[in-house]
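Spelled out from the first residue to the last, the chains are:
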Amino acid sequence: MTAPRDPALAEVLDLLRAWTPIRSVAGDRDGLARMATALSDWLVRELGATLVPGAAAADPPIVHARLDIGAPRTVVLYNMYDVMPADPAGWSVDPFTGGEAELPELGPAFLGRGAENNKGPLAGMLVAARRLLQAGRLGVNLEILVEGQEESGSGALRRYLAADPCPAGPADAVLFPSLCEYGGGPPRIYLGFKGIATGEIRVEGGAWGGPAAAIHSSNAPWIANPAWRLVSTLAAIAGGDTGTIGTIALDAEARAITARLAEQFDPEAELRFRRAQRYAVDGTAEERLAAVLATASLNLSILRTDPPEGRAVTPHTAAAGFELRLPPGLHPDVVLDDIRGRLHGLSDGVAIDLIDAYSGCRFPETAVGVAELAATYRDLGAEPQIWPWAIGSAPGSAFAPIAPAFLIGGLGRGGNAHGIDEFVTLDGLSRFLRSIEGWLLGLASLPDTPGRET
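Things to note about the overall build of the chain
(1) Moving on: Across its full length, the chain holds 11 helices and 21 strands.
(2) Moving on: The C-alpha atoms of the chain give a radius of gyration of 24 Å, which matches the 22 Å a tight globule of 454 residues would have.
(3) Moving on: Within the chain, the fraction of its 454 residues that count as buried is 52%.
(4) Moving on: In the chain, of all internal contacts separated by at least 6 residues, the share reaching a separation of at least 24 is 79%.
(5) Moving on: For the chain, the exposed surface amounts to about 19,700 Å²; the carbon and sulfur share of it is 53%.
(6) Moving on: Charge-centre separation for the chain: the mean point of 37 positive side chains lies 1 Å from the mean point of 54 negative side chains.

What follows is the structure, encoded as C-alpha cells:
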C-alpha cells in the first residue's frame, strides 16, 4: 500500500506541474510574461499580497509583492522564474511538460526544466509562506521579489533596485531559497558571492592588416589570420589552463572560515559533483579552497570564427565569449582595464565588448539570518558547510541597499540544472519546505541581540 503523500509536497507538485509548461526562457517574451502573470495572480489570490506598482513594467517583468502583517521584522524572499532552454532529445520526459520518475539510488523525483533551477524551489518557497500564514505562524513581513533574467545577468532587477528611493526594503535579511545540498553533499551557507562580467573578445581582420573578407588559406604566409591573433591575445591576458587573471589575499575572517571549511571538505566528492576528472591546481583541501575563492578567472565559453565553417579558409573575424568571475572586492571595471593593459602591441584590431557586469558581495557570519539558517539545518539533522562566499555569482550586491545579508539557502537534493533530465527528489522537496519554514520561524522569534548585524 502506498503511503499517503505529504499535503505540502502535493501543493508544491501541483504548482510545478502548472508552471513547468510555461517556457519562460530568455527571448520568449510571451513565456516570460505568462510566468510573471501566473506568479502575480498566485501571490494576490493565495497570500493576499499587494503588488508593488511599476515592477511589472520591467523587461522582462519583475514580480514584486508585499505582505505586511505588522510584524517587527521584514524578510525579502528573492527568486527567479526564468529557466534555460531545453531540447527534448535525451530526456526521460518532455522538459516542458515534466513528470515524476524513479531515479536509481535517489528514489522518486520530479523531472522537468526548472525542477531544480529554480521553479521547484520557487514553488516550495511560496507554499512554505502560505502554510505559515494560514496557520497564523508567519511572524515576519514579507517582500517577495521574483525576476525573469537571473540566467542572463539580472540587469532589469539591478536597475529596478538601484532606483532612488529603492522600491524594496528595508529588511533584516534576504533569502534566495534554493536546493543547497549540492551533489547530495552537506547543505552550504555562503557568506557572499563572486561578481561577474560577461562579454566577447573579438579580432576583426580588416582592422589591423588581416583579411577584410574570408580568403583561401593558401595566402597564410603573407595574410595574417585573425584566429592566430586571437590566440596570442588570449595568451597575453591569462596563462595556463584555468584562465587566472589574478588573485586577492584572503583576509583574516575569510582565512579562518576557509580553514574550518577544509576540515569538512571532501575534494573527491567535489570532483564528482563538478563532473570533472581531476583538479587543475595541486595542494591540500585548504589550499585548493583558497585558490578557487581568491581567484579572478576568465572562462572561455565560446570560440568562433566568421565564416563559422569552411575548410581551407582564413576567416575575417575570430572571437571568444567570456565570463569573468571576480572575488568580492574586485570591481569588474578595474579588472577589465587591467586586461586591456596587458595587450600592449596586440591591441590593434582587438575589441573587448562588455555585455553585462556586477560586483561581488560578502557579509559577516554575524549577520541576521546566518545563525538561523544553520540552526534550521541542524534541527533537521544536517550539519552545514559555511563558505566565505560562493565560487559562483548571484546579484547579491543589488540588495545591499535593502538588507545587510543576501543568503542562498534550503535543504533538498536536485541535479542536472541546465542539462538533460533536470530533477528534484520528492524527499528533497519535503525537506526543502521544512527548512524554509524553519528559517522564517527562526527570524520571527529572533530578539534584538547586541552585536548582531541588523
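On we go from here.
Quick notes on the environment of E268
(1) Moving on: Its location among the elements puts E268 in helix α7 (residues 267-274).
(2) Moving on: When the C-alpha atoms of E268 and Y279 are compared, they prove to be 9.5 Å apart, with 11 residues separating the residues in sequence.

Remarks on the nonpolar core
(1) Moving on: Ranked by size, the top nonpolar core spans 104 residues in total, and within it L142, F399, W439 and L440 carry the most contacts.
(2) Moving on: Excluding residues that lie within four positions of it along the chain, W439 makes contacts with V75, L77, A173, L175, G369, E372, L373, T376 and L407.
(3) Moving on: I201, W208, L234 and A296 belong to the second-largest nonpolar core, a separate cluster that totals 24 residues.

As for helix α8 (residues 285-294)
(1) Moving on: Among all positions of α8, only A285, R288, L289, L293 and A294 are buried.
(2) Moving on: In the core, the buried residues of α8 are packed alongside β12 (244-247), α6 (252-262), α7, β13 (295-306) and β18 (385-387).

Side note on the environment of G438
(1) Moving on: Position of G438 relative to the elements: it lies in helix α11 (residues 426-444).
(2) Moving on: A C-alpha to C-alpha distance of 56 Å links G438 and G349, two positions 89 residues apart in sequence.

Remarks on unusual backbone geometry
(1) Moving on: Of note, the bond from G169 into P170 is cis; its omega dihedral lies within 30 degrees of zero at 0 degrees.
(2) Moving on: Within the element layout of this structure, P170 appears in the loop between α4 (155-161) and β7 (173-177).
(3) Moving on: Cis rather than trans, the peptide bond between D306 and P307 has omega equal to 0 degrees.
(4) Moving on: For P307, the position within the fold is in the loop between β13 and β14 (313-314).
(5) Moving on: We note that S154 has phi near 60 degrees; this positive angle belongs to a residue other than glycine.
(6) Moving on: Tracing the sequence through the fold places S154 in the loop between β6 (141-147) and α4.
(7) Moving on: Residues other than glycine seldom take positive phi values, yet A312 does so here, at roughly 60 degrees.
(8) Moving on: When you line up the elements, A312 lands in the loop between β13 and β14.

Re the packing of aromatic side chains
(1) Moving on: The final tally for this structure, using the stated rule, is 10 aromatic pairs.
(2) Moving on: Pairing Y78 with F176 gives two aromatic rings, centres 4.7 Å apart and planes at 70 degrees, and the pair type is edge-to-face. Placement of the pair is Y78 in strand β3 (residues 74-80) and F176 in strand β7, with a sequence separation of 98 residues.
(3) Moving on: Residue F176 is classed as buried on the basis of its relative accessible area, which comes to 5%.
(4) Moving on: Note on Y78 and F406: the rings are 5.7 Å apart at their centroids and 50 degrees apart in plane angle, and the pair reads as tilted. Here Y78 is found in strand β3, whereas its partner F406 is found in strand β19 (residues 406-409), with 328 residues between them in sequence. The exposure classification of Y78 matches that of F406, with both residues buried.

Re the sheet that holds strand β21 (residues 423-425)
(1) Moving on: Pairing is antiparallel across the open sheet formed by 4 strands, whose spatial order is β4-β5-β21-β20. With partners counted over all chains shown, the strands left at the sheet margins are β4 (99-103) and β20 (414-415), one partner each.
(2) Moving on: Strand direction decides the pairing type here: β4 and strand β5 (residues 107-111), joined by 5 bridges, are antiparallel. In the sheet register, L103 faces β5, and the bridge partner there is G107.

Some thoughts on the pattern of salt bridges
(1) Moving on: Considering all chains together, one arrives at 25 salt bridges under this definition.
(2) Moving on: Two residues, E46 and R45, come together in a salt bridge whose shortest N-O distance is 3.0 Å.
(3) Moving on: Classification of E46 as partly exposed rests on a relative accessible area of 27%.
(4) Moving on: Its salt-bridge partner being E437, residue R131 comes within 3.3 Å of it at the nearest N-O pair. Pair noted here: R131 is in helix α3 (residues 119-134) and E437 is in helix α11, with a separation of 306 residues, a long-range link.
(5) Moving on: On the basis of relative accessibility, which here comes to 32%, the residue R131 falls in the partly exposed class.

Focus on the environment of A86
(1) Moving on: Turning to its location among the elements, A86 is positioned in the loop between β3 and β4.
(2) Moving on: Sequence separation of A86 and H316 is 230 residues, and the distance between their C-alpha atoms is 32 Å.
(3) Moving on: Residue contacts for A86: discarding those within four places in its chain leaves W91, P95, F96 and R113.

What to know about the packing of helix α2 (residues 29-47) against α3
(1) Moving on: Two elements in contact, α2 and α3, have axes whose closest approach is 11 Å; the angle formed by their N-to-C orientations is 15 degrees. One element, α2, and the other, α3, form an angle in the roughly parallel class. Every pair of crossing elements has a handedness; the one defined by α2 and α3 is right-handed. The residues of α3 that touch α2, namely those facing M35, L39, W42, L43, E46 and L47, are K119, L122, L126, V127, A129, R130 and L133.
(2) Moving on: For the contact of α2 with α3, the class distribution of residues is 10 nonpolar, no polar and 3 charged.

With respect to the side chain of Q149
(1) Moving on: By secondary structure assignment, the location of Q149 is in the loop between β6 and α4.
(2) Moving on: Within the local environment of Q149, its side chain forms a polar contact with the backbone nitrogen of A156, the two atoms lying 2.8 Å apart.
(3) Moving on: Ignoring sequence-local partners within four residues, the contact set of Q149 consists of D59, P60, D82, S154, G155 and A156.

Points about the state of the cysteines
(1) Moving on: Under the definition given, this model contains 0 disulfides.
(2) Moving on: Free of any disulfide, C166 has its nearest cysteine sulfur in C361, 15 Å distant.

Parameters at a glance
Residues numbered from 1 in each chain as written. Predicted model: local features only at pLDDT ≥ 70, side-chain atom pairs only at ≥ 80, totals over all residues. Heavy atoms only, no water. Helix = DSSP H or I, 4+ residues; strand = E, 2+ residues; numbered from the N terminus. Rg over C-alpha atoms; globule rule 2.2 N^0.38 Å. Buried < 20%, exposed > 50% of the residue type's maximum accessible area, 1.4 Å probe, protein only. Contact = heavy atoms within 4.5 Å. Areas by Shrake-Rupley, 256 points an atom, 1.4 Å probe, with all protein chains shown as cover. Lys, Arg positive; Asp, Glu negative; His and termini not counted. Charge placed at Lys NZ, Arg CZ, Asp CG, Glu CD. Core = buried A, V, L, I, M, F, W, Y, C linked by side-chain atoms within 4.5 Å. Phe/Tyr/Trp six-rings, centres within 6.5 Å; stacked < 30°, edge-to-face > 60°. Pairing = 2+ DSSP bridges. Salt bridge = Lys/Arg side-chain N within 4 Å of Asp/Glu carboxyl O. Axes fitted to C-alpha atoms, helices over the stretch in contact; angles between N-to-C directions. Parallel < 35°, antiparallel > 145°, perpendicular 65-115°, else oblique. Left-handed = near helix turned anticlockwise from the far one by under 90°. Nonpolar A, V, L, I, M, F, W, Y, C, P; charged D, E, K, R; others polar. Polar contact = N/O pair within 3.5 Å; in protein donor to acceptor, adjacent residues only side chain to side chain. Disulfide = S-S within 2.5 Å.

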